[in-house]
Each structure stands twice: as C-alpha cells, then as structure tokens.
Amino acid sequence: MEKRDRIIEEFVPGKQVTLSHIIAHPDKDLYQKLGLSGEYNEAVGILTLTPSEAAIIAGDVATKSGNVKIGFMDRFSGALVIVGDIGSVETALDGIILLLRDVLNFTVSPITKS
C-alpha cells in the first residue's frame, strides 16, 4: 500500500475590506426587504470586512463621522450596512476606509456606487 500525505487547506483571511458600496436612492422595497427604517432612505452603504470583528470598528467610525445610522451589523460575518443621506454615507465610508487602510494596514477595495 502506498503511503499518501494528507493535506488540509484552510482559508485564512487577512485584514481586508472586500466590498464597499453606496446605493443611492434605493427603491423602498429594498429597505423593506432589508428590514431598514424608511426614515433614512436616501442612501445605503454596504461593507464586508475580514476579520469580521472589524465591523465593530467600522460602525464606530461611521457613526462618529456624521449623520448616519447603523442599519445592520454582524460581527460574525463582517457585514455592515449604514443608512443616511448620500453625502453622509459617502463621508462615513471614506472615513472607514481611511482608518482601516492607513492606521490598521488593511487592504481595501475601492468604494463603488450605484
């Protein structure tokens, strides 16, 4: 019998922002499906981060940057959704990216918009 080596592969994420996106003027149905308040319906900012605990840091930066609210945060998956007016959501995402990239040495994706 031939001896075989057993190889185990694991995904070990680095410090990265894998998605940062702004949805301007989303349809009301999108807000309802996401369970978001209709009070802030001008823009939605979406981030996915690894390690997932970075969502906590990103949420803190977002809420300190201006008039945005956290629509959803999951510290286990690294998802963060913020809502507010377009300028405030853009400012919040810019601030998050700046801190994560320049202070915490994250690899970041560009902020996209739709």
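Just above sits the structure.
Residues numbered from 1 in each chain as written. Predicted model: local features only at pLDDT ≥ 70, side-chain atom pairs only at ≥ 80, totals over all residues. Heavy atoms only, no water.

Asker: Which parts of the structure should I look at to understand unusual backbone geometry?
Answerer: With an omega of -5°, the peptide bond running from Thr50 to Pro51 counts as cis. Among the structural elements, Pro51 can be located in the loop between β2 (43–50) and α2 (54–65). Backbone geometry at His25 places phi at a positive 50°, although glycine is not the residue there. Mapped onto the elements of the fold, His25 is located in the loop between β1 (16–24) and α1 (28–34). (Helix = DSSP H or I, 4+ residues; strand = E, 2+ residues; numbered from the N terminus.)

Asker: Mind showing me how you'd approach a nonpolar patch on the surface here?
Answerer: Taken together, the side chains of Ile56, Ile70 and Met73 present a nonpolar region at the surface, about 220 Å² in accessible area. Its relative accessible area of 41% is what places Ile56 among the partly exposed residues. (Patch = residues over 30% accessible without salt bridge, like charges linked within 9 Å, V, L, I, M, F, W, Y side chains within 5 Å. Areas by Shrake-Rupley, 256 points an atom, 1.4 Å probe, with all protein chains shown as cover. Salt bridge = Lys/Arg side-chain N within 4 Å of Asp/Glu carboxyl O. Buried < 20%, exposed > 50% of the residue type's maximum accessible area, 1.4 Å probe, protein only.)

Asker: So what exactly am I meant to see when it comes to the pairing of strand β4 (residues 79–84) here?
Answerer: One face of the sheet, then the other: side chains in a regular strand alternate in exactly this way. Of all six residues that make up β4, six are buried, and the element is covered over most of its length. Side chains Ala79, Val81 and Val83 of β4 all project onto a buried face; the interleaved residues Leu80, Ile82 and Gly84 project onto the opposite face, where all are buried too. Of the pairings in the sheet, the one linking β2 to β4 comprises six bridges and is antiparallel in character. When the sheet's bridge partners are listed, Thr48 is paired in β4 with Ala79. Looking at chain direction, strand β3 (residues 68–74) and β4 are connected through six bridges and run antiparallel. Each bridged residue has a counterpart across the sheet, and for Phe72 the counterpart in β4 is Val81. (Pairing = 2+ DSSP bridges.)

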